[in-house]
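# Fold and contact review
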Amino acid sequence: MDRNSPIGVFDSGIGGLTVAREIIRQLPDEPLVYFGDTARLPYGSKSKETIIRYAKQVIHFLRTQDVKAIVIACNTASAYALEEIEKETDIPVIGVVRAGAHMAAEMSRSGKIGVIGTAGTIKSGIYGDTIRKYRPDAQVFGKACPLFVPLVEEGLWHDSVTEEIASRYVSELKGKFIDTLVMGCTHYPLIRSTLRKIMGDGVTLVNPAYETAVELKGMLMEQGLTCTRIPEEKYQFFVSDQAEEFTNFAVSILPEQVRETKKIDIEEF
Ligand code: DGL
(Lines give C-alpha, C1' and ligand atoms only; values in the text may rest on other atoms or scores of the structure.)
Protein backbone atom coordinates (compact mmCIF):
# COMPACT_ATOMS: atom_id res chain seq x y z
CA MET A 1 0.00 0.00 0.00
CA ASP A 2 1.33 3.44 -0.91
CA ARG A 3 1.66 5.72 2.12
CA ASN A 4 1.29 8.74 -0.16
CA SER A 5 -2.17 7.70 -1.36
CA PRO A 6 -5.12 9.76 -0.11
CA ILE A 7 -7.47 8.98 2.76
CA GLY A 8 -11.04 8.32 1.61
CA VAL A 9 -13.74 10.10 3.62
CA PHE A 10 -17.36 9.26 3.03
CA ASP A 11 -20.68 10.68 4.16
CA SER A 12 -24.27 10.88 2.97
CA GLY A 13 -23.68 14.51 1.97
CA ILE A 14 -22.16 17.67 3.35
CA GLY A 15 -22.20 16.80 7.06
CA GLY A 16 -19.06 14.70 6.83
CA LEU A 17 -17.16 17.86 6.01
CA THR A 18 -17.09 18.49 9.78
CA VAL A 19 -15.06 15.26 10.00
CA ALA A 20 -12.90 16.20 7.00
CA ARG A 21 -12.27 19.58 8.68
CA GLU A 22 -10.95 17.88 11.83
CA ILE A 23 -8.78 15.53 9.77
CA ILE A 24 -7.34 18.46 7.82
CA ARG A 25 -6.66 20.36 11.08
CA GLN A 26 -4.95 17.45 12.76
CA LEU A 27 -3.29 15.94 9.68
CA PRO A 28 -2.52 18.91 7.42
CA ASP A 29 -0.11 16.90 5.27
CA GLU A 30 -2.56 14.16 4.33
CA PRO A 31 -4.31 14.16 0.95
CA LEU A 32 -8.07 13.44 1.04
CA VAL A 33 -10.73 12.18 -1.34
CA TYR A 34 -14.19 13.07 -0.06
CA PHE A 35 -17.40 11.52 -1.33
CA GLY A 36 -20.86 12.85 -0.39
CA ASP A 37 -23.81 10.69 -1.45
CA THR A 38 -26.02 13.70 -2.15
CA ALA A 39 -28.29 11.81 -4.57
CA ARG A 40 -29.41 9.40 -1.86
CA LEU A 41 -29.34 11.35 1.40
CA PRO A 42 -30.61 11.40 4.06
CA TYR A 43 -29.20 8.13 5.37
CA GLY A 44 -30.63 8.78 8.84
CA SER A 45 -34.15 7.63 7.98
CA LYS A 46 -33.21 4.58 5.87
CA SER A 47 -33.04 0.88 6.76
CA LYS A 48 -29.88 -1.00 7.69
CA GLU A 49 -30.01 -3.08 4.46
CA THR A 50 -30.18 0.03 2.31
CA ILE A 51 -27.33 1.75 4.15
CA ILE A 52 -25.12 -1.35 3.81
CA ARG A 53 -25.80 -1.46 0.05
CA TYR A 54 -25.03 2.24 -0.33
CA ALA A 55 -21.90 2.04 1.80
CA LYS A 56 -20.53 -0.90 -0.22
CA GLN A 57 -20.97 1.04 -3.45
CA VAL A 58 -19.21 4.07 -1.97
CA ILE A 59 -16.32 1.91 -0.77
CA HIS A 60 -16.02 0.43 -4.31
CA PHE A 61 -15.84 3.96 -5.70
CA LEU A 62 -13.24 5.09 -3.14
CA ARG A 63 -11.10 2.04 -3.96
CA THR A 64 -10.94 3.25 -7.58
CA GLN A 65 -9.29 6.39 -6.16
CA ASP A 66 -6.56 4.22 -4.68
CA VAL A 67 -7.18 5.30 -1.08
CA LYS A 68 -4.93 3.92 1.70
CA ALA A 69 -7.60 4.08 4.43
CA ILE A 70 -11.27 4.95 4.70
CA VAL A 71 -13.11 7.06 7.26
CA ILE A 72 -16.85 6.49 7.38
CA ALA A 73 -17.69 10.02 8.53
CA CYS A 74 -21.44 9.39 8.67
CA ASN A 75 -22.72 8.24 12.07
CA THR A 76 -25.66 6.36 10.55
CA ALA A 77 -23.40 4.51 8.08
CA SER A 78 -20.89 3.80 10.87
CA ALA A 79 -23.74 2.42 13.01
CA TYR A 80 -25.19 0.16 10.32
CA ALA A 81 -22.43 -0.68 7.87
CA LEU A 82 -18.96 -0.52 9.49
CA GLU A 83 -18.94 -4.19 10.50
CA GLU A 84 -19.93 -5.39 7.01
CA ILE A 85 -17.43 -3.10 5.32
CA GLU A 86 -14.60 -4.20 7.60
CA LYS A 87 -15.29 -7.83 6.65
CA GLU A 88 -14.66 -7.26 2.98
CA THR A 89 -12.03 -4.51 2.93
CA ASP A 90 -8.29 -5.07 3.18
CA ILE A 91 -7.38 -1.48 4.04
CA PRO A 92 -8.03 0.19 7.43
CA VAL A 93 -11.60 1.46 7.87
CA ILE A 94 -12.56 3.77 10.74
CA GLY A 95 -16.07 4.82 11.73
CA VAL A 96 -16.97 7.79 13.90
CA VAL A 97 -18.82 5.92 16.65
CA ARG A 98 -16.03 4.15 18.52
CA ALA A 99 -13.88 7.23 19.09
CA GLY A 100 -16.87 9.32 20.22
CA ALA A 101 -18.16 6.58 22.52
CA HIS A 102 -14.74 6.05 24.05
CA MET A 103 -14.32 9.74 24.79
CA ALA A 104 -17.82 9.99 26.32
CA ALA A 105 -17.07 7.01 28.60
CA GLU A 106 -13.85 8.70 29.73
CA MET A 107 -15.23 12.21 30.18
CA SER A 108 -18.39 11.40 32.13
CA ARG A 109 -18.08 11.65 35.90
CA SER A 110 -21.54 10.30 36.79
CA GLY A 111 -21.80 7.75 33.95
CA LYS A 112 -25.05 9.37 32.78
CA ILE A 113 -24.50 10.04 29.10
CA GLY A 114 -26.86 11.44 26.47
CA VAL A 115 -26.55 10.71 22.76
CA ILE A 116 -28.28 12.68 20.02
CA GLY A 117 -28.32 11.51 16.42
CA THR A 118 -30.46 10.52 13.45
CA ALA A 119 -33.36 8.09 13.88
CA GLY A 120 -31.16 5.31 12.43
CA THR A 121 -28.21 5.91 14.73
CA ILE A 122 -30.39 6.08 17.84
CA LYS A 123 -32.44 3.03 16.82
CA SER A 124 -29.27 1.00 16.27
CA GLY A 125 -28.30 1.50 19.95
CA ILE A 126 -24.65 1.46 18.84
CA TYR A 127 -23.47 4.33 21.01
CA GLY A 128 -24.93 2.75 24.15
CA ASP A 129 -23.42 -0.65 23.31
CA THR A 130 -20.01 0.84 22.56
CA ILE A 131 -19.95 3.18 25.57
CA ARG A 132 -20.78 0.25 27.87
CA LYS A 133 -17.82 -1.73 26.45
CA TYR A 134 -15.55 0.96 27.91
CA ARG A 135 -17.71 1.65 30.94
CA PRO A 136 -20.14 -1.13 31.90
CA ASP A 137 -21.92 0.95 34.56
CA ALA A 138 -22.84 3.78 32.15
CA GLN A 139 -26.45 4.81 31.72
CA VAL A 140 -26.91 5.96 28.14
CA PHE A 141 -29.96 7.90 26.97
CA GLY A 142 -30.53 8.36 23.23
CA LYS A 143 -32.66 10.96 21.49
CA ALA A 144 -33.28 11.18 17.75
CA CYS A 145 -33.25 14.77 16.50
CA PRO A 146 -34.38 14.51 12.86
CA LEU A 147 -35.00 18.23 12.37
CA PHE A 148 -31.40 19.24 13.08
CA VAL A 149 -30.07 18.08 9.69
CA PRO A 150 -32.44 20.24 7.60
CA LEU A 151 -32.00 23.19 9.98
CA VAL A 152 -28.22 23.03 9.59
CA GLU A 153 -28.50 22.63 5.82
CA GLU A 154 -30.75 25.71 5.73
CA GLY A 155 -27.90 27.58 7.37
CA LEU A 156 -29.88 28.23 10.61
CA TRP A 157 -26.87 27.52 12.82
CA HIS A 158 -27.47 30.42 15.17
CA ASP A 159 -31.20 30.93 14.94
CA SER A 160 -34.02 31.12 17.48
CA VAL A 161 -35.93 28.39 15.58
CA THR A 162 -33.02 25.99 16.02
CA GLU A 163 -32.76 26.95 19.67
CA GLU A 164 -36.46 26.30 20.28
CA ILE A 165 -36.35 22.89 18.59
CA ALA A 166 -33.12 21.95 20.34
CA SER A 167 -34.67 22.84 23.73
CA ARG A 168 -37.57 20.50 23.08
CA TYR A 169 -35.35 17.67 21.88
CA VAL A 170 -32.93 17.76 24.79
CA SER A 171 -35.37 18.51 27.62
CA GLU A 172 -35.84 14.75 28.11
CA LEU A 173 -32.06 14.28 28.42
CA LYS A 174 -31.75 17.18 30.83
CA GLY A 175 -34.35 15.47 32.99
CA LYS A 176 -32.02 12.45 33.26
CA PHE A 177 -29.25 14.69 34.67
CA ILE A 178 -26.68 13.66 32.09
CA ASP A 179 -23.22 15.21 32.44
CA THR A 180 -21.99 14.32 28.95
CA LEU A 181 -23.70 14.66 25.57
CA VAL A 182 -22.44 12.99 22.39
CA MET A 183 -23.17 14.95 19.20
CA GLY A 184 -23.73 11.72 17.28
CA CYS A 185 -24.43 13.15 13.84
CA THR A 186 -22.12 14.87 11.37
CA HIS A 187 -24.19 18.06 11.32
CA TYR A 188 -24.47 18.71 15.05
CA PRO A 189 -21.03 20.23 15.71
CA LEU A 190 -22.23 23.12 13.53
CA ILE A 191 -24.88 23.96 16.16
CA ARG A 192 -22.54 23.34 19.06
CA SER A 193 -22.98 26.85 20.49
CA THR A 194 -26.79 26.40 20.61
CA LEU A 195 -26.39 23.03 22.31
CA ARG A 196 -23.86 24.51 24.73
CA LYS A 197 -26.27 27.31 25.64
CA ILE A 198 -29.16 24.92 26.26
CA MET A 199 -27.22 22.22 28.11
CA GLY A 200 -25.16 24.65 30.22
CA ASP A 201 -21.50 24.51 31.15
CA GLY A 202 -21.93 21.51 33.44
CA VAL A 203 -22.46 19.16 30.48
CA THR A 204 -19.46 18.05 28.40
CA LEU A 205 -20.16 18.02 24.65
CA VAL A 206 -18.36 15.23 22.79
CA ASN A 207 -17.60 15.69 19.11
CA PRO A 208 -16.89 12.28 17.51
CA ALA A 209 -15.38 14.06 14.47
CA TYR A 210 -12.54 15.38 16.59
CA GLU A 211 -11.93 12.06 18.32
CA THR A 212 -12.03 10.19 14.99
CA ALA A 213 -9.27 12.40 13.60
CA VAL A 214 -7.19 11.61 16.70
CA GLU A 215 -7.78 7.87 16.14
CA LEU A 216 -6.95 8.17 12.44
CA LYS A 217 -3.68 9.96 13.18
CA GLY A 218 -2.65 7.26 15.66
CA MET A 219 -3.52 4.48 13.22
CA LEU A 220 -1.57 6.05 10.31
CA MET A 221 1.49 6.52 12.49
CA GLU A 222 1.30 3.03 13.92
CA GLN A 223 0.97 1.41 10.50
CA GLY A 224 3.63 3.57 8.84
CA LEU A 225 1.04 5.13 6.54
CA THR A 226 1.65 8.85 7.08
CA CYS A 227 2.13 10.78 3.86
CA THR A 228 5.67 11.88 2.97
CA ARG A 229 5.01 13.45 -0.44
CA ILE A 230 1.95 15.68 -0.82
CA PRO A 231 0.40 15.42 -4.31
CA GLU A 232 -0.45 18.51 -6.37
CA GLU A 233 -4.17 17.93 -5.99
CA LYS A 234 -4.33 17.51 -2.23
CA TYR A 235 -8.10 17.56 -1.72
CA GLN A 236 -10.67 16.12 -4.10
CA PHE A 237 -14.43 16.23 -3.68
CA PHE A 238 -16.99 13.97 -5.35
CA VAL A 239 -20.77 13.76 -4.98
CA SER A 240 -23.56 11.71 -6.54
CA ASP A 241 -25.69 14.80 -7.31
CA GLN A 242 -25.82 18.60 -7.10
CA ALA A 243 -22.11 19.30 -7.33
CA GLU A 244 -22.49 23.06 -7.46
CA GLU A 245 -24.78 23.23 -4.41
CA PHE A 246 -22.29 21.04 -2.56
CA THR A 247 -19.42 23.39 -3.38
CA ASN A 248 -21.46 26.41 -2.28
CA PHE A 249 -22.21 24.86 1.10
CA ALA A 250 -18.80 23.28 1.52
CA VAL A 251 -16.94 26.59 1.34
CA SER A 252 -18.74 27.65 4.54
CA ILE A 253 -17.08 24.72 6.33
CA LEU A 254 -13.79 24.38 4.41
CA PRO A 255 -13.26 27.77 2.73
CA GLU A 256 -9.68 27.10 1.65
CA GLN A 257 -10.00 23.56 0.45
CA VAL A 258 -13.09 23.21 -1.74
CA ARG A 259 -12.76 24.68 -5.20
CA GLU A 260 -14.44 22.14 -7.39
CA THR A 261 -16.74 19.16 -6.88
CA LYS A 262 -17.11 16.35 -9.42
CA LYS A 263 -20.33 14.41 -9.91
CA ILE A 264 -20.20 10.64 -10.40
CA ASP A 265 -22.87 7.98 -10.92
CA ILE A 266 -22.60 5.97 -7.70
CA GLU A 267 -25.04 3.30 -8.93
CA GLU A 268 -22.32 2.17 -11.35
CA PHE A 269 -20.15 0.91 -8.51
N1 DGL B 1 -24.48 12.11 7.98
C2 DGL B 1 -25.64 11.65 8.73
C3 DGL B 1 -25.18 11.12 10.09
O4 DGL B 1 -24.16 11.52 10.63
C5 DGL B 1 -26.68 12.74 8.87
C6 DGL B 1 -27.37 13.11 7.58
C7 DGL B 1 -28.21 11.99 7.01
O8 DGL B 1 -29.20 11.56 7.63
O9 DGL B 1 -27.88 11.54 5.92
O10 DGL B 1 -25.83 10.29 10.66
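Above this note sits the structure.
This write-up is about the structure you can find in this document. Since the model is a prediction, treat every value here as computed from it, not as a measurement. (Residues numbered from 1 in each chain as written. Predicted model: local features only at pLDDT ≥ 70, side-chain atom pairs only at ≥ 80, totals over all residues. Heavy atoms only, no water.)

### Quick look at the site of the ligand
In the vicinity of the ligand, 13 residues are found, and the nearest of them are Asp11, Ser12, Tyr43, Gly44 and Thr76. Here an oxygen atom of the ligand sits 2.6 Å away from a polar atom, N or O, in the side chain of Ser12. The fraction of the free accessible surface of the ligand (300 Å²) that becomes covered by protein chains is 97%. Per-class residue counts for the shell around the ligand are five nonpolar, seven polar and one charged. (Near = heavy atom within 4 Å. Polar contact = N/O pair within 3.5 Å; in protein donor to acceptor, adjacent residues only side chain to side chain. Areas by Shrake-Rupley, 256 points an atom, 1.4 Å probe, with all protein chains shown as cover. Nonpolar A, V, L, I, M, F, W, Y, C, P; charged D, E, K, R; others polar.)

### Re the packing of aromatic side chains
What the rule picks out here adds up to 11 aromatic pairs. Residues Phe148 and Tyr169 carry aromatic rings whose centres are separated by 5.1 Å and whose planes lie at 90 degrees to one another, so their mutual orientation is edge-to-face. Here Tyr169 lies in helix α8 (residues 160-174) and Phe148 lies in helix α7 (residues 148-153), a separation of 21 residues in the sequence. By the burial criterion, Phe148 is buried, and Tyr169 matches it. With a centroid separation of 5.1 Å and an interplanar angle of 90 degrees, the aromatic rings of Phe148 and Tyr188 are classed as edge-to-face. Of this pair, Phe148 sits in helix α7 while Tyr188 sits in the loop between β7 (180-184) and α9 (192-199); the two residues are 40 residues apart in sequence, bridging distant segments of the chain. Judged by its relative accessible area of 0%, Phe148 is buried. Using a relative accessible area of 0% as the deciding quantity, one classes Tyr188 as buried. Grouping aromatic residues by their ring pairs yields a cluster made of Phe35, Phe61, Phe238 and Phe269. Cation over ring: Arg40 sits above Tyr54, and NZ or CZ is 3.9 Å from the ring centre. (Phe/Tyr/Trp six-rings, centres within 6.5 Å; stacked < 30°, edge-to-face > 60°. Helix = DSSP H or I, 4+ residues; strand = E, 2+ residues; numbered from the N terminus. Buried < 20%, exposed > 50% of the residue type's maximum accessible area, 1.4 Å probe, protein only. Lys NZ or Arg CZ within 6 Å of the ring centre and 35° of its normal.)

### Looking at the side chain of Ser240
Looking at the secondary structure, you find Ser240 in the loop between β9 (235-239) and α11 (243-253). Judged by relative accessible area, which is 7%, Ser240 ranks as buried. Within the structure, the side chain of Ser240 is placed 2.7 Å from the side chain of Asp37, a separation counted as a polar contact. For Ser240, the side chain forms a polar contact with the main-chain nitrogen of Thr38, separated by 3.1 Å. Those residues in contact with Ser240 that lie beyond four places of it in its chain are Phe35, Gly36, Asp37, Thr38, Ala39, Arg40, Lys263, Ile264 and Ile266. (Contact = heavy atoms within 4.5 Å.)

### What about the environment of Glu215?
When you line up the elements, Glu215 lands in helix α10 (residues 208-222). Looking at Glu215, the relative accessible area reads 22%, which means it is partly exposed. For the pair Glu215 and Ile94, spaced 121 residues apart in sequence, the C-alpha to C-alpha distance is 8.3 Å. Here Glu215 is in contact with Ile94, Arg98 and Ala99, once residues within four sequence places are set aside.

### Some points on α8
Here α8 spans 19 Å end to end across 15 residues, near enough to the 21 Å set by a 1.5 Å rise per residue. Along α8, the sharpest kink reaches roughly 30 degrees, centred on Arg168. Looking only at α8, the buried set comprises Thr162, Ile165, Ala166, Tyr169, Val170 and Leu173. On its buried side, α8 packs onto β5 (112-117), β6 (139-144), α7, β7 and α9. For α8, the N-terminal cap is Asp159; the gap from its side-chain oxygen to the backbone nitrogen of Val161 is 2.9 Å. (Expected span 1.5 Å × (residues − 1). Bend = angle between axes of the 7 residues up to and from the residue.)

### Notes on the pattern of salt bridges
Within the structure shown, the criterion is met by 17 salt bridges. A salt bridge links Arg168 to Glu164; its shortest N-O distance comes to 3.1 Å. Of this pair, Arg168 and Glu164 both sit in helix α8, separated by four residues, roughly a single helical turn. Ionic contacts of the salt-bridge type, sharing partners, join the residues Asp37, Arg40, Arg53 and Glu267 into one network. (Salt bridge = Lys/Arg side-chain N within 4 Å of Asp/Glu carboxyl O.)

### Some thoughts on the nonpolar core
A general trend in soluble globular proteins is that nonpolar side chains are found buried together. In this structure, Leu17, Ile23, Phe148 and Leu216 are the most contacted members of the largest nonpolar core, which totals 57 residues. Not counting the four nearest positions on each side in its chain, Leu216 is found in contact with Ile7, Ile23, Leu27, Val71 and Ile94. Among the nonpolar cores identified, the runner-up in size contains 26 residues, and Phe10, Val33, Ile52 and Val67 belong to it. (Core = buried A, V, L, I, M, F, W, Y, C linked by side-chain atoms within 4.5 Å.)

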